[in-house]
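Now for the letters of each chain:
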Amino acid sequence: MDFNVLLGNLDLPPVDDPFKEDAPKLFQSLAECAPYLNKTKMAQTRREGSTKLQPSGPFKGSSFFGAEKEKAVTSYFQRLVALMHDEATKHNKRISKTANPSQLVPEFIYDIADHQSKEVPGSSHKMDVVLFYANRPKHINNVHIIVEAKLANVGDPMDEKTFAQIADYQYCIWKKQRTRAFVPVLLVHGSQLDLVVFARGHWYRVWLGSLCHGRQIIDTQDVKDVRLAMVRLYYLITLPSERFGHICDVSQGQQHLRFVKTSGVDSVLAAVESHVMATVDLSDLGDLLKIGGYVERFVHPRGRLAHIFRTTFQKQKAILKLSWTPVDRMPEGAVYELLENANVKGMPRVFACGLVRTNLFGYRLEYLVLEDCGSTIQEYLLATYKGELGSGELYNIIRDVVWQTLRCLARARVKANVLHRDISAGNIMIDSDGVVRIIDWGYAKVIDDASFDINERATRDRRALLDATATRWRYDDHEVLQNEDAHDPLTGTPLYMSIPVLAGAKERGLADDVESLFYVILHVLTKLQATPDSAACGFDQHDNKTQIMVRAGCLALERHFLRFFGISSCSDDLRRLLCDLRKFLFVNSDGCIASGLIVDPTTPRGAVDLLQPYVDADTMGLLLRKDEAALTPMKSAVQLPSFRPPSSSSSGPLDEARYSENAGVSIGGLGMSNRSLGKRAREAEGTDESDGGSLGSVSKRSKSQG
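About the criteria used
Residues numbered from 1 in each chain as written. Predicted model: local features only at pLDDT ≥ 70, side-chain atom pairs only at ≥ 80, totals over all residues. Heavy atoms only, no water. Helix = DSSP H or I, 4+ residues; strand = E, 2+ residues; numbered from the N terminus. Buried < 20%, exposed > 50% of the residue type's maximum accessible area, 1.4 Å probe, protein only. Contact = heavy atoms within 4.5 Å. Areas by Shrake-Rupley, 256 points an atom, 1.4 Å probe, with all protein chains shown as cover. Core = buried A, V, L, I, M, F, W, Y, C linked by side-chain atoms within 4.5 Å. Polar contact = N/O pair within 3.5 Å; in protein donor to acceptor, adjacent residues only side chain to side chain. Pairing = 2+ DSSP bridges. Axes fitted to C-alpha atoms, helices over the stretch in contact; angles between N-to-C directions. Phe/Tyr/Trp six-rings, centres within 6.5 Å; stacked < 30°, edge-to-face > 60°. Lys NZ or Arg CZ within 6 Å of the ring centre and 35° of its normal. Patch = residues over 30% accessible without salt bridge, like charges linked within 9 Å, V, L, I, M, F, W, Y side chains within 5 Å. Salt bridge = Lys/Arg side-chain N within 4 Å of Asp/Glu carboxyl O. Lys, Arg positive; Asp, Glu negative; His and termini not counted. Charge placed at Lys NZ, Arg CZ, Asp CG, Glu CD. Parallel < 35°, antiparallel > 145°, perpendicular 65-115°, else oblique. Left-handed = near helix turned anticlockwise from the far one by under 90°. Nonpolar A, V, L, I, M, F, W, Y, C, P; charged D, E, K, R; others polar.

Caption draft 1: Just the overall build of the protein chain, in detail. For the protein chain, the helix and strand inventory stands at 17 helices and 27 strands. Taken over 706 residues, the protein chain has a buried fraction of 59%. When contacts within the protein chain are restricted to residue pairs at least 6 apart in sequence, those whose partners lie at least 24 apart make up 66%. Of the accessible surface of the protein chain, which amounts to about 27100 Å², a share of 48% is contributed by carbon and sulfur atoms.

This is how it looks when you write it as structure tokens:
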């Protein structure tokens, strides 16, 4: 990627020399006196046609002249940054005495430290050089930019060892710093300087120039090239954190994150002490969110990422969720909007939602402020019923979970045309009153299905709602529908995926989510066993092909299937409920269809009447409507006209179209404005998306994929 194209993607001025108007000679003397890398050491240069060595000038007496290998490179880098800072300071002092303060250049505001021989505190990594936020503890939480030095030139493509090393560094930063938008790494290799940017979906490598001379005999062009690299470097390392690496200013360790509704570009005022938010000021709502703590959870090195914070909202327990999701996938906030419009019960109340970034290298950052829904089903039951599977009260709770979950999922499918697709033990929540809520709709799929429209007007209204939602949430509905269809075989938590999904079915229906619910209940009950049945193998982890064969075999054993899922004994009522669910899912007029679903995912399930004791009349009506259409696997049947958000002028050539938005987006009553970080860049690598995350769940669980 070209340097200017990268700047354009970050909403930064796409110029080669950002100081040429205000300080045209900045760093000229440094470029003229810069050394050259002579195999393993730094040495003085000489001008073409001259027999005398160039004077060392400001570099005279520098320690890098006596250093060898990578130490020579890192010492030169640190000395160069200090000298550039000194020259910029002198320039600004001269300008301050004139009547033209607009010619001031930014000053270096970070601390620089060598960590070649010692680990960065809070991590296990020895990073060559680190730029920390000034006046902050030297800790991994406060790393701004990493510098990796190599004596030899690193080719293109980058060798596996070098990439693995800097990829480990960026992964550590993503885990520790929760306001990160991307992680920049400066790669000094030989005489060359590259910028490597790790975003959520891809990584990009940009050549900045020659940081020192690559030969002893130099000419005027060599000096120009080195000066240009110095200018580019200085420009990048003087950018504030909110413009280079973070979604907000984290440099001073402030104690709040403020969401501000404005059309300007300077929009989110934020600060994070050790990157754990203390308060969030929702000034436009007249409320203050007080953060109680961060919910620790697995962080994938790339792809989807969600940060969860506990908080309060209007004296109610709440959750703040910050989520990075691909722009060609459905925003979770948009799904909640569709569910709320359809009056779906059994989902968390949304206090506020919106976009922080509309598109940064193909990913959006959205925020949700949701009610705290209590504990996961596993946490709730383990706290009360460990070893008590014969309890009648336990049966009542399981029956209520089935009742409320099916009501929510059925209404979501029929009234809102939404499939959840990631029913798991971490996404079914129960509060202290026994109210069940289904959370984490970030992997949900919206089906453009007219099956349940009562007339043409209803069809028009439904499509108008989809269009309006896409407009408000800045996504292309045509593209998103197609991509969600394509991800049907990949989306969900493997431990709870239905047999058709594990087998790679290209279409999904409500029956797949009901099957996932069935596995969740079995798995939680297994955890409640004082000693799981020794025959248990239904939840053994295998590759998909082996897992579906084992699971289908277990389900074929009508009298003993519970044993093979780890349940040796339970109450008669609970056994009857589990057997009815099994019959509905895996037994039709032809007998057991568990293995048949592997070959044909559209195989009709069992009689819906089997669910009647465990659902209300309204839910039963929804399941039976239109010949049980809600349970039938399907893709989006109708292709909508494509909506594409307005784009601004491009600052450089790109292979892909992108969305551009200069102001933040306010949705659902809360405004959050921010500088959009621009164009969708060329894909340097394929994307691995994973882990939609669960709100309020601290327990470890199988990772979602999709």
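Caption draft 2: Representation of the nonpolar core in the model. Counting residues in hydrophobic clusters, the biggest one holds 106 residues, and the most contacted among them are Tyr76, Leu186 and Met230. Not counting the four nearest positions on each side in its chain, Met230 is found in contact with Phe27, Leu30, Ala31, Ala34, Tyr76, Leu80, Met84 and Leu211. Within the second largest apolar cluster, 94 residues are counted, among which are Leu409, Ala425, Tyr475 and Val615.

Caption draft 3: Summary view of the environment of Leu406. Relative to the helices and strands, Leu406 is located in helix 8 (residues 392-415). Leu406 gets classed as buried once you look at its relative accessible area, which sits at 3%. Taking C-alpha positions, Leu406 is 9.5 Å from Leu510, a pair spaced 104 residues apart along the chain. What Leu406 contacts, discounting residues up to four positions off in sequence, is Val514, Leu517, Leu611, Val615 and Thr619.

Caption draft 4: Inspection of helix 10 (residues 477-486) at higher detail. Among the residues making up helix 10, those that are buried are Asp477, Val480, Leu481, Asn483, Glu484 and Asp485. Elements that come into contact with the buried residues of helix 10 comprise strand 24 (445-446) and helix 9 (456-473). Put simply, Asp476 is the residue that caps the front of helix 10, since its side-chain oxygen is 3.0 Å from the backbone nitrogen of His478.

Caption draft 5: Structural view of the sheet that holds strand 9 (residues 203-210). The strand order across the open sheet built from six strands is 4-5-6-7-8-9, with neighbouring strands paired in mixed fashion. Each end of this open sheet is capped by a strand with a single partner; those strands are strand 4 (110-114) and strand 9. Taken over all neighbouring pairs, the strand axes of this sheet differ in orientation by 20° on average, direction set aside. With seven bridges joining them, strand 7 (residues 183-189) and strand 8 (residues 192-198) adopt antiparallel strand pairing. Each bridged residue has a counterpart across the sheet, and for Val183 the counterpart in strand 8 is Phe198. Contacting strand 4, strand 5 (129-133), strand 6 (143-150), strand 7, strand 8 and strand 9, helix 5 (residues 220-237) crosses the sheet at an angle of about 135° to strand 9.

Caption draft 6: Examining the packing of aromatic side chains more closely. Evaluated as defined, the whole model comprises 18 aromatic pairs. Their ring planes at 40° and their centres at 4.5 Å tell us that Phe64 and Phe65 sit as a pair that is tilted. Given the relative accessible area of 0%, Phe64 is considered buried. Both rings, one in Phe313 and one in Phe351, keep their centres 4.5 Å apart while their planes meet at 20°; by these two values the pair is stacked. Here Phe313 is found in strand 16 (residues 305-313), whereas its partner Phe351 is found in strand 18 (residues 350-360), with 38 residues between them in sequence. The pair formed by Phe313 and Phe351 is uniform in burial state, with each residue classed as buried. Among the aromatic side chains, those forming a connected cluster through ring pairs are Phe518, Tyr519, Phe539, Phe561, Phe565 and Phe586. A cation over a ring is seen here: Lys175 above Tyr171, with NZ or CZ 4.6 Å from the ring centre.

Caption draft 7: Main features of the environment of Asp573. Within the fold, Asp573 resides in helix 15 (residues 572-586). Residues Asp573 and Leu394 lie 179 residues apart in sequence; the distance between their C-alpha atoms is 10.0 Å. Polar contacts involving the side chain of Asp573 include one to the side chain of Arg576, which spans 2.9 Å.

Caption draft 8: Representation of a positive patch on the surface within the structure. Together, Lys90, Lys93, Arg94 and Lys97 give the surface a local cluster of positive charge. Under the relative-accessibility criterion, Arg94 is labelled exposed at 54%.

Caption draft 9: Spatial organisation of the pairing of strand 8. Counting buried positions along strand 8 yields seven of seven residues, so the element is predominantly enclosed. Covered by surrounding structure in strand 8 are Gln192, Asp194, Val196 and Phe198 together with Leu193, Leu195 and Val197, the residues of both alternating faces. Where strand 7 hands over to strand 8, the hairpin turn is made up of two residues, of which Gly190 adopts a positive phi near 60°. In this sheet, strand 9 lies alongside strand 8 in antiparallel orientation, the contact comprising seven bridges. Following the sheet pairing, Asp194 is matched in strand 9 by Trp207.

Caption draft 10: Region of the structure containing helix 6 (residues 332-341). Among the 10 residues in helix 6, eight count as buried, and that is most of the element. Along helix 6, the residues that are buried comprise Glu332, Gly333, Ala334, Val335, Tyr336, Glu337, Leu338 and Leu339. Of the residues trailing helix 6, Asn343 is marked for its positive phi of about 60°.

Caption draft 11: The arrangement of the packing of helix 7 (residues 377-385) against helix 12 (residues 510-528) in detail. It is the contact of helix 7 with helix 12, at a shortest axis distance of 10 Å, that shows an interaxial angle of 30°. Taken together, the axis directions place helix 7 and helix 12 in an arrangement best described as roughly parallel. Where helix 7 crosses over helix 12, the two elements pack in a sense that is right-handed. Counted together, Ile377, Gln378, Leu381, Leu382 and Tyr385 of helix 7 and Val520, His523, Val524, Lys527 and Leu528 of helix 12 form the full contact between these two elements. Residues belonging to the contact of helix 7 with helix 12 are distributed by class as follows: seven nonpolar, two polar and one charged.

Caption draft 12: Representation of the packing of helix 7 against helix 8. In contact at an axis separation of 12 Å, helix 7 and helix 8 are set at 170° when each is read in the N-to-C sense. Put simply, helix 7 runs roughly antiparallel to helix 8. Counting all contacts with helix 7, which are made through Ile377, Tyr380, Leu381 and Tyr385, the residues of helix 8 involved are Glu393, Leu394, Ile397, Ile398 and Val401.

Caption draft 13: Region of the structure containing the pairing of strand 19 (residues 363-371). In terms of burial, strand 19 is a largely internal element, nine of the nine residues being buried. Both strand 17 (residues 316-326) and strand 19 contribute to a ladder of nine bridges, which runs antiparallel. Note on strand 19: the bridge partner recorded for Thr325 is Arg364. If you look at the hairpin formed by strand 18 and strand 19, you'll find two residues sitting between the two strands, and Phe361 has a positive phi there, around 50°.

These figures come from the coordinates and say nothing about function on their own.
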